[in-house]
Amino acid sequence: MIAVEFVDATSGVVFARADLPPEQLPADFSLRTTLQLGGEPWLVETASRPAPGRLVLTVRRIERVAPQALLFSLPTLCEALPPLAPGPVPGGCLELHEDDWRQVEAATPAATTVVETEFAAIRRVYERHREPAGFRDLHARTVGPLIPRLPWNVLGPAEHEYAGVCFRGATRPVAGGFAVRVRGVTWYGLRDADQITLLAVAGPVTPAAGAVLSWAGLALVDWCRCEWIR
């Protein structure tokens, strides 16, 4: 039998002891391990064997959260993410959180009706589902790229060209993804040979973006703020 002590990670107090046969205990605690204690789930944070036949487990109660208590941090997301390319993520990629994909993107005036329809749905999220700490619901956008194919040189000379685009924690880069910094503005999107098929901005939008937008006859759409940036 193994003499097991259970230590509460929050208080540091031993709250239970038990003699257990070895076959009832995991052979390896290096992986994420949960235990049922008193009908409640507990996560094993550390395991130590101070002496033969003894085991000390430091555990933390897994809090149950009611689904209605969960909130979204943003009022809208792009539902479809781009496909990923084969192979590992190269060094020097622009790293994005999945939630940030296409949150500020370029659009042609021909897309005005589509954009305003999406704005109306996002405004309803603000009106009906906004809470002090977030949103009880969000609007998932399904619209495709809002620009025609643009020549690659529309962005002008780049101060820095990234190796591509990747999502945080992903093991593969975005297929056809590109990112460049031009006059302090970080543009990213999708590229097909020498043409841009989707164009968006990561980070602050400065007046320097106006030169690109004016030349191409475009504006930026800030989805979360329901604003056109012209």
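Our subject is the structure that appears above.
Since this is a predicted model, take the numbers as computed values, not measurements.

> Explanation requested: the overall build of the chain in the structure shown.
Along the chain, the regular secondary structure elements total two helices and 19 strands. Here the chain has a C-alpha radius of gyration of 25 Å; the compact-globule value for 230 residues is 17 Å, and the former is much larger. Counting only C-alpha atoms and orienting by the principal axes, one finds that the chain spans roughly 75 × 45 × 25 Å. The proportion of buried residues among the 230 residues of the chain is 40%. By sequence separation, contacts in the chain at least 24 residues apart represent 60% of the contacts at least 6 residues apart. Accessible surface, the chain: about 13000 Å² in total, of which carbon and sulfur atoms supply 53%. One way to put it: in the chain the 22 positive side-chain charges average out to a point 2 Å from where the 25 negative ones average out.

> Explanation requested: helix H2 (residues 209-216) in the structure shown.
Because an α-helix packs 3.6 residues into every turn, residues spaced three or four apart end up facing the same way. Listing the buried residues of H2 in full gives Ala209, Val212 and Leu213. Projected down its long axis, H2 shows its buried positions confined to an angular sector of 95°, all on one face. Relative to its buried face, H2 has exposed residues pointing more than 90 degrees away, namely Ser214 and Trp215. On its buried side, H2 packs onto strand E16 (185-192), strand E18 (219-222) and strand E19 (227-229).

> Honestly, the environment of Pro41 in this entry has me stumped. Any pointers?
With respect to the helices and strands, Pro41 occurs in strand E4 (residues 40-48). A relative accessible area of 11% places Pro41 in the buried class. Pro41 sits 21 residues away from Ile62 along the chain, and the two C-alpha atoms are 5.7 Å apart.

Calculation notes
- Residues numbered from 1 in each chain as written.
- Predicted model: local features only at pLDDT ≥ 70, side-chain atom pairs only at ≥ 80, totals over all residues.
- Heavy atoms only, no water.
- Helix = DSSP H or I, 4+ residues; strand = E, 2+ residues; numbered from the N terminus.
- Rg over C-alpha atoms; globule rule 2.2 N^0.38 Å.
- Buried < 20%, exposed > 50% of the residue type's maximum accessible area, 1.4 Å probe, protein only.
- Contact = heavy atoms within 4.5 Å.
- Areas by Shrake-Rupley, 256 points an atom, 1.4 Å probe, with all protein chains shown as cover.
- Lys, Arg positive; Asp, Glu negative; His and termini not counted.
- Charge placed at Lys NZ, Arg CZ, Asp CG, Glu CD.
- Arc of directions from axis to C-beta.

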